[in-house]
Each structure stands twice: as structure tokens, then as C-alpha cells.
Amino acid sequence: MFFSKKKLSKEKKISIENFKEHVSSGKVDFYQKYNMDFVMGFREGPWLFDIDGKKKLFNLHSNGGVFNLGHRNKEVIKVFKEGLNFYDIGNHHLLSKPRADLANMISDLMPGDLDYTIFGVSGGEAIDTALKIARGYTQRKKIISVEGGYHGHTGLSVQTGNAKYKAPFLLDSPDFIQIPYNDIEALKEILDNEVAAVIVETIPATLGMPLPQENYLKEIKELCEKKGALLILDEVQTGLGRTGKLWAFEHFDVVPDMVVLAKGLSGGIYPISATVIHKKLESVFHKDPFIHISTSGGAELGSLVALKVLEISSDKEFLQNVNHLSEEFREGLEKLQQKHNGYFKGIRRLGLMIGLELKDELAGPIMTKAAFDNDLLIVYANNDTSVVQFLPPLIIGEKDVKYVLKQLDKSFKRAAFLYKTLQIREAIKSFLN
Ligand SMILES: Cc1ncc(COP(=O)(O)O)c(C=O)c1O
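Residues numbered from 1 in each chain as written. Predicted model: local features only at pLDDT ≥ 70, side-chain atom pairs only at ≥ 80, totals over all residues. Heavy atoms only, no water.

Colleague: Teacher, can you tell me more about unusual backbone geometry here?
Modeller: In terms of backbone geometry, most residues other than glycine have negative phi values and most peptide bonds are trans. Despite not being glycine, Ser62 has its phi angle at roughly 50 degrees, a positive value. The topology assignment puts Ser62 in the loop between strand S3 (56–59) and helix H3 (74–83). Taking the relative accessible area as the measure of exposure, Ser62 reaches 0% and is therefore buried. For Met209, which is not glycine, the phi dihedral falls at a positive 60 degrees. Here Met209 is to be found in the loop between strand S7 (195–201) and helix H7 (216–227). (Helix = DSSP H or I, 4+ residues; strand = E, 2+ residues; numbered from the N terminus. Buried < 20%, exposed > 50% of the residue type's maximum accessible area, 1.4 Å probe, protein only.)

What follows is the structure, given as C-alpha cells:
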């Protein structure tokens, strides 16, 4: 045991025991080992409090964008509460006003002919839908994705991911091929007329936010067009203002055939996801619209929430604030990089989609612990653990930026200290391998 234990309240102790016995023994063991057994209690804005009120965390992960608008956003809650006077999940067999309103708004906010939306509950489900449509429309089977990208854990989405998410479950399929990120030559070699789609995150979060090289996405689209394949952009993390534009692909002069939205569309309140498709692709469902069913996908209460989320996130001033905060963080982070340059090597940044490059693959997990000890929730990138993801809520202010930078400074000091302990390094090494 490297870290000493604190006395727990009864409520917290029971929650942890129940979690260990009935939800995940592995997670409890992991968090207890590092003295990070935080149990989520009250939450508001960027803050999460432990159930016993003894610890707080400033959320710099935002659950990959779920909490773009902070925890329990007041405007979102108001719409949800009002919705409860009239609506419920709705019935997926029938026509629906909130669902139609939401699809209409998404179409208005998307460029080109991205005019139809198929709703789901989770990101993985929405990716599965996109892949089904790609196969249905092209009548081809092969799907190309990027090594280290992540699109979900459901049936088809998991197939696009790295082997570590598939091999333990015997999920390998030869129709899913991965290529290195930012390597257009690799794509040229493999993209033939058996490929249904290329799927890529506009900025791959689980790979640690490497930005696409100039023209990379545009060239993918051109190659797809040449070969009759479709381009699916996963904006589950990058969408809804995270990068300073409503959709991250707007930075790269490209319009995909499909866009996938999830996480933040929920406002952190009601899960909902969207597969937004070029209008020509809707033909796949025209003859028999009942071959693709999602009972709670596009739930009416969720649709009301998502309408509010889109209204807030597409507002010009909201996006200006994201860009302003991005600059504030750039300045502060560059100073911290100079100060802690043995540990903190570089900054990847587009708006508030930020990755902090650290010295090696052990440094990300150690920084996660060091930040936790300084009241910051930061998570390392699972497919490149030398990077920590830095995704603050988009609604914070300058005072918050100052607080975060101050705590980060202390966190880097602590991380460098923890890194020196051989026992900690060995434990992390064995977990990662
Ligand atoms: C980029 C991206 N796409 C898809 C997903 C899958 O979303 P969900 O967990 O809601 O199924 C995730 C989840 O982390 C993600 O980060």
C-alpha cells in the first residue's frame, strides 16, 4: 500500500462495498490502491463533491464532453422539468414533435446535405447505426478506422477499436481494418472498392488529441469519393462547441457523409445520441423504416434537452467564450510547461480540446493521481498514456482558469515527486501491460 487511508463515513463505506460486490470489484480495487475512492455526491457547474462532502474535484475531464455545460446546468434542468409536465420517453413507432424539431434544428446547424438524423441513446449505438448505414448503402463490408481511435464498446463500434478492447472477448473481424493516424499514404494503399466507410474522430481523444495534419481529413474525403466509400466523422467528443466552432470539422474545410453526436447532446441530464446523415443515405430506411429500431433513442424528454443544448452551444457568445478561455489556458499552460519542462513536454490544443504531452507513458497515470490529490479531475488518454486529456466544461470563467492553473502547478510538482517512487512506477507499468 503506497497511500495511507482516511476514515470513511458509513454511507460512503456502504456505497463502496456494494459497488465492489455488485458493480465492479476491479474498479474498487484500483481506486482503493491509489487512495482515489471518491464516490460522486452533490455536483454543480464544474464541481463534483464526494458523497461525504470531504473532498471536491474540479472536473477537467467533463466525461469527454458530457458536461460541456457543467453539471446540472440550470437552463437544461428547467427545460427537462417543464418537459415532465407533458412528455415521457415517447414511442419509437410513432411520429414525434420533439424528435422532429430536434432533427430539423440539427439539419439547420449542419452544412451541406446532412439533413437526416437517426437517434440513439449512446455514442456506441450511434456509431453502430452509421456503420450499418454505410454497409446498407454501399453494399460493401470493409470499414477502415484509425489505430488508437475510439468509437465505443457496442457491437460494430468496438470492432473499429484497438485489439485490447476486442481480443479478450474474441471479437476480431477481418472486415475491420486499422491504419495509423495522420498517414494518408497508408489509407491510399488500403482504400479499395470493397470499403464501405472510413471512420475517424475529428480529433482522436483516446489517442491524446493529436490534431489532424493539414488537409488530412479533406484528403480522406477525396479518396473516399474516388472509391465510392463514405466518410464518417465521430464528433462525440469534439462536437457542440468543444473546439471553438460548433462542429470541429468546420476547422478543416471538409463535409463528411455522416456525423456522430452523443455525450454532450444529453446536457449531462438525459442520454441521447444522433447519427446525422447525408440525405441520399436515408434511402436505406425508406422502404422499411422499421428495420432499425431504438426504443429509447431520441426519447422525447431527451430531445427537449438536446434542443436546449444546441441552442446554448450554437450561440455566438458561447463559442467566443470557448475561444477566449482557450487563449487564457494557452498562456497559463505555456508558463507551466516552461516551469515543469522535465515532466510537461507539450500542448495540443484546438479550443478547449486540449491534450497535455508528458514525459512518458507512466507520466499520464501519475499525473491523474497527482491532480486528484490537488482537487482536479484529469484523466490520461487510454490509447496514449503519455498524454492527459484536458477538457474543462465550456461554461467556466476566468476565475476558474486561474484556480485550475494554480492547482495544476501543484499537481506537476506532486507528479514529479510520485514519479520518483519505483514502487509506484512498477505498479503502473504492470497495470498498463
Ligand atoms: C469519440 C467517441 N466516440 C464514441 C464513444 C462511445 O460513446 P458511448 O460511451 O456513449 O457509447 C466515445 C466514448 O467515450 C468516444 O469518446
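Colleague: Sorry, what's going on with the pairing of strand S1 (residues 40–44) here?
Modeller: Along any regular strand, the residues point their side chains to alternate faces of the sheet. Note: S1 against strand S2 (residues 47–50), 3 bridges, orientation antiparallel. Each bridged residue has a counterpart across the sheet, and for Met40 the counterpart in S2 is Asp50. The antiparallel pairing of S1 with S2 creates a hairpin that spans 2 residues between the two strands, and Gly45 there sits at a positive phi of about 55 degrees. (Pairing = 2+ DSSP bridges.)

Colleague: Help me out: how do you make sense of the layout of surface pockets in this one?
Modeller: Empty space left among the atoms is revealed by rolling a probe the size of a water molecule over them. Approximately 780 Å³ is the volume found for the second largest pocket. Elements with a minimum of two residues in the lining of the second largest pocket: helix H4 (97–109) and strand S4 (114–120). Per element, the largest residue contribution to the lining of the second largest pocket is 5 residues, and it comes from S4. Of the residues that constitute the lining of the second largest pocket, the class distribution is 11 nonpolar, 9 polar and 3 charged. (1 Å grid on protein atoms, 1.4 Å probe; cavity = no way out; pocket = protein on both sides within 12 Å on 5 of 7 lines; lining within 4 Å. Points joined across faces, edges and corners; volume = space filled by probe spheres on them. Nonpolar A, V, L, I, M, F, W, Y, C, P; charged D, E, K, R; others polar.)

Colleague: Looking at this model, I keep getting lost on the site of the ligand. Mind explaining?
Modeller: Around the ligand, the neighbouring residues are Ser122, Gly123, Gly124, Tyr150, His151, Gly152, Glu201, Asp234, Val236, Gln237 and Lys263. The separation between an oxygen atom of the ligand and a polar main-chain atom of Gly124 is 2.7 Å. Lys263 places a polar side-chain atom, nitrogen or oxygen, 3.0 Å from an oxygen atom of the ligand. Notes on the ligand: free accessible area 390 Å², of which the protein chains cover 85%. Its residues assigned to classes, the shell around the ligand shows 2 nonpolar, 6 polar and 3 charged. (Near = heavy atom within 4 Å. Polar contact = N/O pair within 3.5 Å; in protein donor to acceptor, adjacent residues only side chain to side chain. Areas by Shrake-Rupley, 256 points an atom, 1.4 Å probe, with all protein chains shown as cover.)

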